[in-house]
Amino acid sequence: MPQFAANLTLMYTELPFLDRFAAAARDGFSAVEFQFPYAWAPGDIATRLQDNGLQLVLFNAPAGGADPAAMAAAWDQSARGTAALPGREAEFRAGVQEALRYADVLGCPRIHVLSGIVPPGVERESLKGLCAGNLRWAADEAARSGREILIEPINLRDVPRYFLNRQDHAHELLDAVQADNLKVQMDLYHCQIVEGDVATKLRRYLPTGRVAHIQIAGVPHRHEPDQGELHYPYLLDTIDALGWHGWVGCEYRPAAGTTEGLGWRNRALARAAAAT
């Protein structure tokens, strides 16, 4: 049975952020994820989770910034992470520590760490050692509180020159770091745009135990999963057949209202229930 988590950064955007938790609960979600919580106090978010009986399953470390105000504004100021950026090690560590502080308050088991944009004139391959070293440090810090650090391949159409684009590159980093709590966030939207052959990659990587979270969206417009070129009934059945029991994050932009577009989820749950 698929376990779907609502992404409160992209869904329910007609509401203020803190009101989206109640909306997700009303629509039958038991778990949520979001990108960046740093503009809100962690206690305020924790209250919304508790009041609505929701579990937080994932959020991002700051995209940049060396202090709380800068971290809260980093993504909107075009920062896209620092894990692979030379000379930004102190900023990376400050961001991870802030994310872990939030995770402790929010009871969140996993944090996605952004790699960053490859600087002009720099070869991606030359940054792998730096990125691996930063991830090794982050995984060690997260292990102290029993949390996982995740890395996510992101497509180059949405984020040009992003350091990490392919599933095999992500798993190469895991090989280099050798930390049990460093895992992959496998976004099927990004995977389709960059590589395709999504079902084969699910069959290759899910049995390794190294994929800690999956995200879905329609391709190419990132709307509901029943729109576009990917056939999600088949992909969700493939995930179930592989015995994967993690969360599937709904990281898409609703085409015309979040609640109105949830027919795909209701059909998926009904199909899974009928098969049991």
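Residues numbered from 1 in each chain as written. Predicted model: local features only at pLDDT ≥ 70, side-chain atom pairs only at ≥ 80, totals over all residues. Heavy atoms only, no water.

(A) Quick look at the environment of Y205. Position of Y205 among the secondary structure elements: in helix 8 (residues 198–205). A relative accessible area of 5% means that Y205 is categorised as buried. Sequence separation of Y205 and P225 is 20 residues, and the distance between their C-alpha atoms is 21 Å. Apart from the residues lying within four places of it in its own chain, the contact partners of Y205 are Q167, D168, H171, R210 and V211. Within the local environment of Y205, its side chain forms a polar contact with the side chain of R204, the two groups lying 3.3 Å apart. (Helix = DSSP H or I, 4+ residues; strand = E, 2+ residues; numbered from the N terminus. Buried < 20%, exposed > 50% of the residue type's maximum accessible area, 1.4 Å probe, protein only. Contact = heavy atoms within 4.5 Å. Polar contact = N/O pair within 3.5 Å; in protein donor to acceptor, adjacent residues only side chain to side chain.)

(B) Highlighting the packing of aromatic side chains. In total, this model carries 11 aromatic pairs according to the counting rule given. Seen in terms of ring centroids, F4 and W264 are 5.1 Å apart; in terms of plane orientation they differ by 80°. Their pairing is edge-to-face. Residue F4 is found in strand 1 (residues 4–7), and its partner W264 is found in helix 10 (residues 263–275); the two are separated by 260 residues along the sequence. Both residues of the pair, F4 and W264, count as buried. Look at Y252 and W264: their rings are 6.0 Å apart centre to centre, the planes differ by 75°, and that puts the pair in the edge-to-face class. Placement of the pair is Y252 in the loop between strand 8 (248–250) and helix 10 and W264 in helix 10, with a sequence separation of 12 residues. (Phe/Tyr/Trp six-rings, centres within 6.5 Å; stacked < 30°, edge-to-face > 60°.)

Function cannot be read off these values alone, since they describe shape.
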